[in-house]
Amino acid sequence: MLKVRASPPGHRNRHADLAGKLPEECVVCTSKYVSYVRDVPTLSAGVEIPLFYCMECESFTNPSGFLPTAETDATELAFHIKVHERNVLRSRALLREMKKQYPDLQRIVEIGCGTGSFVREAQDMGFDAVGYDINEQAVAYGVEQYGANISASWWNSDLQTEPFDMLFCIMVLEHLEQPRDLFTEMVVAARRFGAGVFVAVPALNRNRWKYILDPDPTRPGTPFFNNRAHVTHFSNIGLHKLAEQFEAGIREVRSNVSENEIGWGGFVYEFQSPG
Ligand SMILES: [Zn+2]
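This is a predicted model, so every value here is computed, not measured.

Draft legend 1. Spatial organisation of the nonpolar core. Judged by nonpolar contacts, the single largest core of 60 residues is most densely connected at L167, C169, M186, V197, F198 and V199. It is helix α6 (residues 179-193) that provides the largest number of residues to this core, a total of six residues. Residue contacts for V199: discarding those within four places in its chain leaves C169, L173, L239, G266, F267 and Y269.

Next comes the structure, spelled out in structure tokens:
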């Protein structure tokens, strides 16, 4: 007699496990239409965590519960040092492009500045630039080695009393399990001064879904690389929904380091001055 299985062995139990873990809403666009995709391996051997998908904005999330420690801060600092030259070139290319598109751009704030290579480059190009990062080791290194104008502190809109033209948040939001919290803070500050917010994240759009079939946390440049720390995988649709929800204009910015090398690209969320 033919036996029919509704789900593969173990599948039903897996769904029971997930009952309390399925996010109530999409962490990018707040849609209730969130579904479980599969488990994905993390860098810690043997540990797998669930990956969820927003059916509305096509963003993904694999919350890992990761919290930085002195040890992970040190690892991150080592990474920043390793990619410093690359980041200087990318910073320069992005700042040139921004200056082209926003000729009046002068006062820059960077949230999640790491060792401050972007801030230092902005200072060298004549901008008024300041950066914030919670990694004290990275900030101490950047101040000492590069003379970057950066501080080891949390940033929020209440602390942003100085006017600015553009907030930069480069490769930061993908690290946050609730990226809307910081995004909302940035919007509050930007609206206050009629400024803009530039966001760059490693996008996971439909053309990169093949990586879901083979989610390798050890392969740099792929969406699930270091997914213990990279927990929110934005789609461009999600980034646009954010703009709609916050009544922002949105403009795509691409910058090339050279003919063969693309640099940081992202979106500028534009807000009208309240006055
Ligand atoms: Zn969504």
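Once you've had a look at it, read on.
Draft legend 2. Looking closely at the sheet that holds strand β10 (residues 249-253). Strand order in the open sheet formed by seven strands is β6-β5-β4-β7-β8-β11-β10, and the pairing between neighbours is mixed. Two strands close off the open sheet at either side, each with one partner strand: β6 (150-152) and β10. Going from strand to strand, the sheet's axes swing by 20 degrees on average, the running direction of each strand aside. Across five bridges, strand β4 (residues 107-111) lies against strand β5 (residues 128-133) in parallel orientation. By the bridge assignment, V109 is partnered in β5 with V130.

Draft legend 3. Molecular detail of unusual backbone geometry. Despite not being glycine, E58 has its phi angle at roughly 65 degrees, a positive value. Taking the number of C-beta atoms within 10 Å as the measure of exposure, E58 has 21 and is therefore buried. Residues other than glycine seldom take positive phi values, yet E247 does so here, at roughly 50 degrees. Relative to the assigned elements, E247 resides in the loop between α8 (236-245) and β10. Note on E247: 11 C-beta atoms within 10 Å, which makes it exposed.

Cut-offs and rules
- Residues numbered from 1 in each chain as written.
- Predicted model: local features only at pLDDT ≥ 70, side-chain atom pairs only at ≥ 80, totals over all residues.
- Core = buried A, V, L, I, M, F, W, Y, C linked by C-beta atoms within 7 Å.
- Buried ≥ 20, exposed ≤ 12 C-beta atoms within 10 Å, placed from the backbone.
- Helix = DSSP H or I, 4+ residues; strand = E, 2+ residues; numbered from the N terminus.
- Contact = placed C-beta atoms within 7 Å.
- Pairing = 2+ DSSP bridges.
- Axes fitted to C-alpha atoms, helices over the stretch in contact; angles between N-to-C directions.

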